[in-house]
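As a plain string of letters, each chain reads:
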Amino acid sequence: MKHILSILCVFLSLSSFAQTVYIDQEGVMRWSDSRKEASFYGVNYTLPFAHAYRAINYTGKNHKEAIDKDVYHFARLGFNAYRVHVWDVEISDSTGNIIENEHLDLLDYLIAKLQERNIRIVLTTMTNFGNGYPEKNKPTGGFSYLYDKCKVHSDPNAIAAQTKYISQFVKHVNPYTRQALKDDPYIIGFEINNEPCHAETPAQTKEYINTMLATLKKAGNSKPVFYNVSHNMPHVAAYYDTNIQGTTYQWYPVGLVAGHTRKGNFLPYVDDYAIPFSNVKGFDKKAKLVYEFDPADVTYSYLYPAMARTFRSKGFQWITQFAYDPIDIAWANTEYQTHFLNLAYTPRKALSMKIAAEVAYSVPRNASFAKYPNDTVFNAFHVSYLSDLSELNTPEKFFYSNHTISNPVAPGDLKEIAGYGNSVVVQYEGTGAYFLDRLESGLWRLEVMPDAVQVRDPFEKPSLKKEVVSIVWNRWNMQVKLLDLGTDFKITALNAGNSYQTKSSDSNFAIQPGVYLLERTGHTSQNSWTASSQWKNISLGEFAAPESPQTFPPCGGIKGGLGFVHQPKKIIESNQPLRIEAQIVDTSFPDSVLVYTDKVSFWFDNNPYWKMKRIQGYTYQAEIPAEMIQEGVFKYDIVVFTKGHTYTFPANVEGSPLDWDAYQTAYWESRVVNAGSPVELVRITDENNGMELYSIPEWSFTGKSLKIVRKYIKDQVEMRPDALHTARYLCVQLKNSQGIDRLKAGFITSAGFTYTAGFKPDKENGLVKIPLSELRQDKTALLPSPYPVFLERYFTPDSQIPFDISTIEMFEIATVDEVPQEAMLSLGNVWIE
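Residues numbered from 1 in each chain as written. Predicted model: local features only at pLDDT ≥ 70, side-chain atom pairs only at ≥ 80, totals over all residues. Heavy atoms only, no water.

Visitor: Even after reading the chapter, I still don't get the overall build of the protein, so can you show me in this structure?
Guide: Along the backbone of the protein there are eleven helices and 53 strands. Over its C-alpha atoms the protein spans a radius of gyration of 29 Å, differing by no more than 12% from the 28 Å that the globule rule assigns to 833 residues. By its C-alpha atoms, the protein is 85 × 75 × 50 Å across when sized along the principal axes. In the protein, once contacts between residues fewer than 6 apart in sequence are set aside, the share between residues at least 24 apart is 70%. A total accessible area of about 33700 Å² is found for the protein, and carbon and sulfur atoms account for 49% of it. Averaged over its 81 positive side-chain charges, the protein has a centre that lies 4 Å from the centre of its 91 negative ones. (Helix = DSSP H or I, 4+ residues; strand = E, 2+ residues; numbered from the N terminus. Rg over C-alpha atoms; globule rule 2.2 N^0.38 Å. Contact = heavy atoms within 4.5 Å. Areas by Shrake-Rupley, 256 points an atom, 1.4 Å probe, with all protein chains shown as cover. Lys, Arg positive; Asp, Glu negative; His and termini not counted. Charge placed at Lys NZ, Arg CZ, Asp CG, Glu CD.)

Structural data, given as structure tokens:
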């Protein structure tokens, strides 16, 4: 009851003057008072339902406290939009009646908390599928469990249940706002259902939509109603032949559920969003919304602004990513393994989202841009694959998702900074995000998030038994160079429970996670700034962050609080020094870190070792002398001495390999080859050679398709620059060719461009040697398959960039023509010589 009363007081003050949104006759979303165009950017967030709801229970956390923390972070990231597809199976009975339960209560609570931050809402009233993923479905008695997803829109009983449900849903009164959902000014409108499957005729689809529209109107709804048009292509004309006011789309440009982190330059993938039915009657009279989007299975921070730019160029006014991970379960990324976004756990991606929000708000609808790569700098924005960077640079705002060397365009006019790592304005060793907001001349609010360290691939099979990102609270040096603050300023802790005291000297100071006021020496404020003071849509003293865990996961550390992350080089050259780098994560620095080879022994008096030195943050490096790197396999382990204990990795055990009773023999390995040997790309004896096979199209009525095989090779060639420089041929072993007459092979570079040369399979000796000089710029196949399925499958550049072998990142071999399913070809070893 306290929750309800406190929220109600806030809501009544907000709703008394809240603008609403309407859609004009040209299909443009506008504000009710100013008539100006509206633009929205934000996220999906599913904590009230399904796995997210259950996982909060599994971990013993509080749902409403988690919502409070996450919605605060939405505000810090500048979002003004929220969308969710409601799991109707969790709030309905078998005939469509709404059930008042904890799921609905949490949705109501979330809606009220969003309104406190002036965040607008689109609700998709039904999902019409189960609540299990990534678990099995949990029985609830909801009506959608009684019908097949592709029959629920045509079965008379299912439609009867839906009309009852949707009518009761929009009339439901939120106890926290005391308004029915249909009357809530912060709810922009309703999408009827999530990703419908229409298996009947277009006429039946039109009838279904009209039935739902009539039901909503009868229930008293006057808000815009939206429908998904990016599925069921034969039904597109039927969608537009109804009175829906808006249409919804999704975009997953690099596919879904890879099971691992994808790598490469995906900017060509997000350069265009061509809608093939844009000439259908009525298309230009309906608003366009992106209900879901995400470059799935990537940890990069350069893609979100580029996608927002493309959406705006196509006229979209509502853009919501899928999906933001609840803070209390984001450490495991179990909700949707293919997506991973949270301010605390993915700070660089979250900052990229903050920058993308600014794209949505500032780039005009239907604006035109050059084609990639000539659109990586647009308006005040910059995206870079090589720097893994998104950036906004205006006179008042300077946001960056990674280290940057850019100079603010007007340093003296800055009012807001959000960043990660180092810039001209802020130098920081920690690995969390930070925010600086100017409250008045000479007074700034600083917010510092704890460190986030990835210790495991977040896109592997999900489990609450493993941690993929560790949160660590540490003190790091920070340097803030703002003309408005000077070089010596007062620092005062502001958030509850933060008693940390520090001071600046020549703009430098030690800082730990929390919220602080930075005040210029001699400054006298005209205002009384306290933790409870309101600033835009937050209170100054607000702070939300996960606790630092007591232990780290077995994959990256061992019990006792020490985290360890290291990836060995796959292939290195003999008689060349080897630099070994690792992240060692703890609340204090280790006493020493040593690298040993597999040749050491308790019985030897002089065991060689190399000391690792801390470079920055948690990063340590050591260089192994060239004479130690000989052909074969270089095996090594790393020993950490800290807090009176000794730990050895990768064995993940306490103790040293020089102990008399050491019995663990796990090592990291790098294969060592002669500098003059060929550069190996594919080795058929590899148990997991990383090859991926694709077909274009995936489903073919003719039974024929193009076949494309790809492999990411950057990590295999990065240590062999001289061998690449002197190489002349791409060599491919093939055998058992049947039904394939022409092939092409080549590379995709760090620019995202493809270079290939064509050839015919040699059926006698099976070896094809392609002169590298014959490689020519080709169109780039956008693989894995993007969603929706109507999108273009190739990027065709209009800029000619000469092939540079030093930039290759992906090997590709493909059929030139479509081939039947029974066509065969066995790929053997592939190398460069």
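Visitor: Looking at this structure, I do not really get a nonpolar patch on the surface. What am I missing?
Guide: Residues Tyr-133, Leu-256, Val-257, Trp-699, Tyr-787 and Val-789 make up a contiguous nonpolar surface patch of roughly 620 Å² in combined accessible area. Its location among the elements puts Leu-256 in the loop between β10 (246–251) and β11 (287–293). Judged by relative accessible area, which is 35%, Leu-256 ranks as partly exposed. (Patch = residues over 30% accessible without salt bridge, like charges linked within 9 Å, V, L, I, M, F, W, Y side chains within 5 Å. Salt bridge = Lys/Arg side-chain N within 4 Å of Asp/Glu carboxyl O. Buried < 20%, exposed > 50% of the residue type's maximum accessible area, 1.4 Å probe, protein only.)

Visitor: Looking at this model, I keep getting lost on the state of the cysteines. Mind explaining?
Guide: In protein chemistry, a disulfide is the covalent bond that joins the sulfur atoms of two cysteines. Considering all chains together, one arrives at one disulfide under this definition. The disulfide partner of Cys-150 is Cys-197, and the S-S distance across this bridge is 1.9 Å. With the S-S bond torsion at 90 degrees, the cross-link from Cys-150 to Cys-197 turns out right-handed. Placement of the pair is Cys-150 in the loop between β5 (120–124) and α5 (156–171) and Cys-197 in the loop between β8 (187–191) and α6 (202–218), with a sequence separation of 47 residues. For Cys-150, a relative accessible area of 25% translates into the label partly exposed. (Disulfide = S-S within 2.5 Å.)

Visitor: Mind showing me how you'd approach the sheet that holds strand β3 (residues 40–44) here?
Guide: The strands making up a sheet are joined through hydrogen bonds of the backbone, oriented either antiparallel or parallel. Read around the barrel, eight strands follow the order β3-β4-β5-β8-β9-β10-β11-β12 and close on themselves; strand pairing throughout is parallel. Direction aside, neighbouring strands of the sheet carry axes that sit 25 degrees apart on average. Direction of pairing for β8 relative to strand β9 (residues 225–228): parallel, over a ladder of two bridges. For Phe-190, the partnering residue across the bridge sits in β9 and is Val-225. (Pairing = 2+ DSSP bridges. Axes fitted to C-alpha atoms, helices over the stretch in contact; angles between N-to-C directions.)

Visitor: Please clarify how α5 should be interpreted in this entry.
Guide: The α-helix advances 3.6 residues per turn, and as a result positions three or four apart in sequence lie on the same side. With 16 residues, α5 ought to run about 22 Å at 1.5 Å a step, and its terminal C-alpha atoms sit 23 Å apart, in line with that. Looking at α5, one finds that the buried residues are Ala-158, Ile-159, Ala-161, Gln-162, Thr-163, Tyr-165, Ile-166, Ser-167, Phe-169 and Val-170. In this fold, the buried residues of α5 make contact with α4 (102–116), β5, β7 (179–180), β8 and α6. Between the side-chain oxygen at the start of α5 and the backbone nitrogen of Asn-157 there is a gap of 2.8 Å, and the oxygen is on Asp-155. (Expected span 1.5 Å × (residues − 1). Polar contact = N/O pair within 3.5 Å; in protein donor to acceptor, adjacent residues only side chain to side chain.)

Visitor: In this structure, what is going on with unusual backbone geometry? I would like to understand it.
Guide: Note: most residues except glycine have negative phi, and most peptide bonds are trans. Here the residue pair Tyr-133 and Pro-134 is connected by a cis peptide bond, since its omega of 5 degrees sits within 30 degrees of zero. Mapping Pro-134 onto the fold places it in the loop between β5 and α5. Residue Pro-650 follows Phe-649 across a cis peptide bond; omega there is 15 degrees. Note that Pro-650 resides in the loop between β38 (645–649) and β39 (653–654). Even without glycine at this site, Arg-35 takes up a positive phi of about 65 degrees. Among the secondary structure elements, Arg-35 is positioned in the loop between β2 (29–31) and β3.

Visitor: What is the right way to read the sheet that holds strand β44 (residues 729–738) from this model?
Guide: The antiparallel open sheet is built from four strands, whose spatial order is β41-β53-β44-β47. Of all strands in the sheet, those bounded by a partner on one side alone are β41 (679–682) and β47 (767–771). Between one strand axis and the next, the sheet turns by 25 degrees as a mean value, whatever way the strands run. As defined by bridge partners, β44 adjoins strand β53 (residues 824–832) across six bridges and the pair is classed as antiparallel. Following the sheet pairing, Leu-734 is matched in β53 by Leu-827.

Visitor: What exactly am I supposed to notice about the nonpolar core here?
Guide: As a rule of thumb, nonpolar side chains are buried together in soluble globular proteins. Of all hydrophobic cores here, the largest spans 163 residues; its most connected members are Tyr-41, Phe-169, Leu-681, Leu-730 and Ile-832. In this structure, Leu-414, Leu-436, Leu-518 and Val-565 belong to the second largest nonpolar core, which totals 32 residues. (Core = buried A, V, L, I, M, F, W, Y, C linked by side-chain atoms within 4.5 Å.)

Visitor: Which parts of the structure should I look at to understand the confidence of the model for the protein?
Guide: The predicted structure's coordinates, where accompanied by low pLDDT, should not be read in detail. Residue-level pLDDT values for the protein average 95, and 96% of them are 70 or greater. Note on residues 550–559: pLDDT under 50 across the span, and 40 contacts to partners over four residues away in sequence or across chains. (pLDDT = per-residue confidence, 0-100.)

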